Amino acid sequence: MSEAASGEDLADLELGADAMRELGSKVLERCIDHVARLGETASCGDVHDIEAIRSARLALPEIGMPIDPLLDRLFDEWIPRSFTTPGPGYFAYVPGGGLYATALADLIAETTNRFVGVWPAAPALAEIEASVIDWIAQWMQFPPTARGLLTSGSSMSTWIAITTARECRLGTRIRDGVAYVSSQTHHCVAKALRLAGIAGDRVRVVPTDASYRMDLDALRRAIESDRDGGLCPFFVASTAGSVHFGAVDPMDEVADIADEYGLWHHVDGAYGGFFHVVPEFRTILRGLPRADSLALDPHKGLFLPYGTGALLVRDGADLRRVHGASADYLPSNPDDEVYDIASYGPELSRPFRGLRIWLPMMLYGAARFRAAIAEKRSLAVLAHERIAALPNIRVALPPTLSLFAFRIEHPDRSPEDNDRSTRDLIDGVTALGRVMISGCRESGRDFARVCVLSFRSRKSQIEHLVADVADVAARTGRT
Ligand SMILES: Cc1ncc(COP(=O)(O)O)c(C=O)c1O
């Protein structure tokens, strides 16, 4: 690159075929090497060395540089200073792993750089994206009226869903609209409500039962009280797998209540939605196919890299009514039925997201995704059995899907001491370097969480997890 930039024609940014091959193979080598070493990489890198971290703030060079020192710094200094999210021992937050096929799909999409915002500009590519949405809609047992959108993640999907619900159910009566979430609802829903113009004083937080599922009587009472007060209840969010404890709301019953009172029922399936791919798990997620909108994260449950979200809307016409827009400078869509992506979401220019799901799904086939998702749940059940059997451990909720939370509870110690021991357990296990777990605070108490959802996590990592939790828990017990 440096030679080209300092050559005769600075304005010529094209690389020759040989230079592209050389750059590409150098990048590919480093990526493959990185993946090959994930098993022996510390589960959490040094994210505290501020000086080394700030070294990533480089001045923009006037003359370009060769790629080798840039790759060295990236792969040797900066990438390792992070949580090792693609590693096999990553049980923190909600993992996914990041299938390599998606990186290749992005390479194709971004090298060919076609415009997929409007159907006439790249109709076959828009069809690829439409077929990905169809596959997801079929997995979720949504009706043929459903349409959807690939987004960057569930936060964006949720915001688009809420904006659609607001437009369809409230029109100009925005200030009268009331939304219902539970105490376990992910904070992205409150944020999306705010972004969609629903103020905090119009959001009701419904309590949950002993299993952290939305309390249906409390929901009904809250709706009736708002209705009696002249307000307009319009939206309720259920969660198919909460981020703290993996709880699944009674979606079928929430759907009944939503039908009765005319509410839009949104399901947050960011973490748990893709468990619906496995037929045996559909009873756990009963009612999910009745949602008016469903947010999903292929970057979690389909094991894809970050930046892959999806939204399904039961009646695709709603999505289109809110987002449809045209301009006479753009090629016109020959037919309302074709999948004109910009008519279903807020973006016009956007990456060709469809390929990053389509390529891995075509390469692996559905059966392997089903098998991998089913395995993650079995591994979580196994981890729970073993960890729950350790002394002085209290589990908050056994895994409904593939996530469970627990804390240290020495009967002769104060809750605050047990909180401290639980936090020490999280840090101590992660510091051993084989696995990483994270924590949460619920009802004023600290919990450690284990979420098994990386395709790279197999039985041996569960052995490491259980051994390291047992080891550190025994040590915290002695202090
Ligand atoms: C249950 C749940 N909902 C929503 C989100 C937000 O999704 P995203 O980070 O893709 O925007 C998350 C993220 O972890 C989640 O676990």
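This structure is a prediction, so every number in the text was calculated from the model and none was measured.

### Quick word on the overall build of the protein chain
When its secondary structure is counted, the protein chain shows 16 helices and 11 strands. In terms of C-alpha radius of gyration, the protein chain reaches 24 Å, essentially the compact-globule figure of 23 Å for 479 residues. Taken along its principal axes, the extent of the C-alpha atoms in the protein chain is 75 × 65 × 40 Å. By the burial criterion, 49% of the 479 residues in the protein chain qualify as buried. A separation of at least 24 residues holds for 75% of the contacts in the protein chain among residues at least 6 apart in sequence. Carbon and sulfur atoms make up 54% of the accessible area of the protein chain, which totals about 22,000 Å². Computed over 51 positive and 64 negative side-chain charges, the inter-centroid distance for the protein chain is 5 Å.

### Some details on the site of the ligand
Around the ligand, the structure places 13 residues, and the nearest of them are Ser 155, Asp 268, Asp 297, His 299 and Lys 300. Within the side chain of Ser 155, a nitrogen or oxygen atom sits 2.6 Å from an oxygen atom of the ligand. Taken by itself the ligand offers 390 Å² of open surface, and the protein chains cover 83% of this. Where the shell around the ligand is concerned, the elements lending two or more residues are helix 7 (154–170) and helix 11 (298–301).

### Things to note about the pairing of strand 2 (residues 177–182)
Most of strand 2 is tucked away: 6 of the 6 residues are buried. The alternating pattern of strand 2 places Gly 177, Ala 179 and Val 181 and Val 178, Tyr 180 and Ser 182 on opposite faces, both of which are buried. As defined by bridge partners, strand 2 adjoins strand 4 (residues 232–239) across 4 bridges and the pair is classed as parallel. Looking at the pairing, Ala 179 lines up with Phe 235 of strand 4. The pairing of strand 2 with strand 3 (residues 203–206) spans 4 bridges and is parallel. Residue pairing for strand 3: Ala 179 is matched across the bridge by Val 203. Handedness of the β-α-β unit built from strand 2, helix 8 (residues 187–195) and strand 3 comes out right-handed.

### Some points on the domain arrangement of the protein chain
Looking at the protein chain, the domain boundaries give domain 1 (2–82), domain 2 (106–364) and domain 3 (368–478). Of note, the centres of domain 1 and domain 2, computed from C-alpha atoms alone, are 36 Å apart.

Calculation notes
Residues numbered from 1 in each chain as written. Predicted model: local features only at pLDDT ≥ 70, side-chain atom pairs only at ≥ 80, totals over all residues. Heavy atoms only, no water. Helix = DSSP H or I, 4+ residues; strand = E, 2+ residues; numbered from the N terminus. Rg over C-alpha atoms; globule rule 2.2 N^0.38 Å. Buried < 20%, exposed > 50% of the residue type's maximum accessible area, 1.4 Å probe, protein only. Contact = heavy atoms within 4.5 Å. Areas by Shrake-Rupley, 256 points an atom, 1.4 Å probe, with all protein chains shown as cover. Lys, Arg positive; Asp, Glu negative; His and termini not counted. Charge placed at Lys NZ, Arg CZ, Asp CG, Glu CD. Near = heavy atom within 4 Å. Polar contact = N/O pair within 3.5 Å; in protein donor to acceptor, adjacent residues only side chain to side chain. Pairing = 2+ DSSP bridges. Right-handed = clockwise from strand over helix to strand, strands pointing away. Domains from an automatic or database assignment.

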